[in-house]
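Tertiary structure, described
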Amino acid sequence: LTNKTDNNKFNYNFIINKRMESFEIDFEEKEECSIEDSVGQVSAEYIYVYPPGVPWLVPGEVISEEIVENIDVYMHNGFSIKGIKDNKILIVKRQ
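In this report, we go over the structure that sits alongside the text. Just so you know, these numbers come straight off a predicted model, no measurement behind them.

1. A few points about the packing of aromatic side chains
Following the criterion strictly, the structure yields two aromatic pairs and no others. Considering the side-chain rings of Trp-56 and Tyr-74, the 4.9 Å spacing of their centres and the 65 degrees angle between planes classify their relative orientation as edge-to-face. Taken as a pair, Trp-56 in strand 3 (residues 55-57) and Tyr-74 in helix 1 (residues 65-76) lie far apart in primary sequence, 18 residues in all. When sorted by exposure, Trp-56 lands in the same class as Tyr-74, which is buried. Judged by relative accessible area, Tyr-74 falls into the buried class, the value being 4%. Linked through ring pairs, Trp-56, Tyr-74 and Phe-79 together constitute an aromatic cluster.

2. Digging into empty space enclosed by the protein
Scanning all chains against the criterion turns up one cavity of 30 Å³ or more. In this structure, the largest cavity spans a volume of roughly 30 Å³. When grouped by side-chain class, the residues that make up the lining of the largest cavity number six nonpolar, two polar and one charged.

3. Re the pairing of strand 6 (residues 88-92)
Pairing analysis gives five bridges linking strand 1 (residues 30-34) to strand 6, with the strands arranged antiparallel. Within the sheet, the bridge partner assigned to Cys-33 lies in strand 6 and is Ile-89. Where strand 5 (residues 84-85) meets strand 6, two bridges bridge the pair, whose relative direction is antiparallel. Across the sheet, the residue bridging to Lys-85 is Lys-88, located in strand 6. Where strand 5 hands over to strand 6, the hairpin turn is made up of two residues, of which Asp-86 adopts a positive phi near 55 degrees.

4. Some points on the sheet that holds strand 6
Strands sit in the order 1-6-5 across an open sheet of three strands; the sheet is antiparallel. Of all the strands in the sheet, the pair left with one neighbour each is strand 1 and strand 5.

Scoring rules and cut-offs
- The residue numbers shown here count from 1 along each chain, following its written sequence.
- Totals for whole chains, interfaces and linings use every residue, but because this is a predicted model, local features are given only for residues with pLDDT of at least 70 and side-chain atom pairs only at 80 or more, for both listing and counting.
- As a rule here, side-chain values come from all non-hydrogen atoms in the structure, and water together with hydrogens is ignored.
- For Phe, Tyr and Trp, rings pair up if their centres lie within 6.5 Å, where Trp contributes its six-membered ring, and each pair is then called stacked (planes under 30 degrees apart), edge-to-face (over 60) or tilted (otherwise).
- Only runs of H or I of at least four residues qualify as helices and only runs of E of at least two qualify as strands under DSSP, and these elements are numbered from the N terminus.
- The rule is simple: take the accessible area with a 1.4 Å probe, protein chains only, and divide by the maximum for that residue type; under 20% is buried, over 50% is exposed, in between is partly exposed.
- Grid points spaced at 1 Å and placed over the protein atoms alone form the basis of the search, with a cavity being a set where a 1.4 Å probe fits but cannot get out and a pocket an open set showing protein on both sides within 12 Å along at least five of seven lines. Lining residues have an atom within 4 Å of a point.
- Grid points are joined across faces, edges and corners, and a volume is the space filled by probe spheres set on the points.
- Residues are grouped as follows: nonpolar covers Ala, Val, Leu, Ile, Met, Phe, Trp, Tyr, Cys and Pro; charged covers Asp, Glu, Lys and Arg; every other residue, Gly included, is treated as polar.
- Paired strands, as defined in this entry, are two strands with at least two bridges between them according to DSSP.

This is how it looks when you write it as structure tokens:
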């Protein structure tokens, strides 16, 4: 990932853009997407740093550039990001 922010600057100001209800995700096709290509896509997974375990994204929310940048910052600082596997995120399949 290319981080556009300081690798030690944590951003907690996210604008939430909900496109679908989380229960609707169960009925949608899903696919994996690289984190850097996920901006603008709909998350099909909870994304959070643990601890503390507070979600940054819940299924049905649009993945913003700010969230992708924050994932990058936290990963570079050694935090465990739940919902990310091999630098990929599960999204609702693109039409």
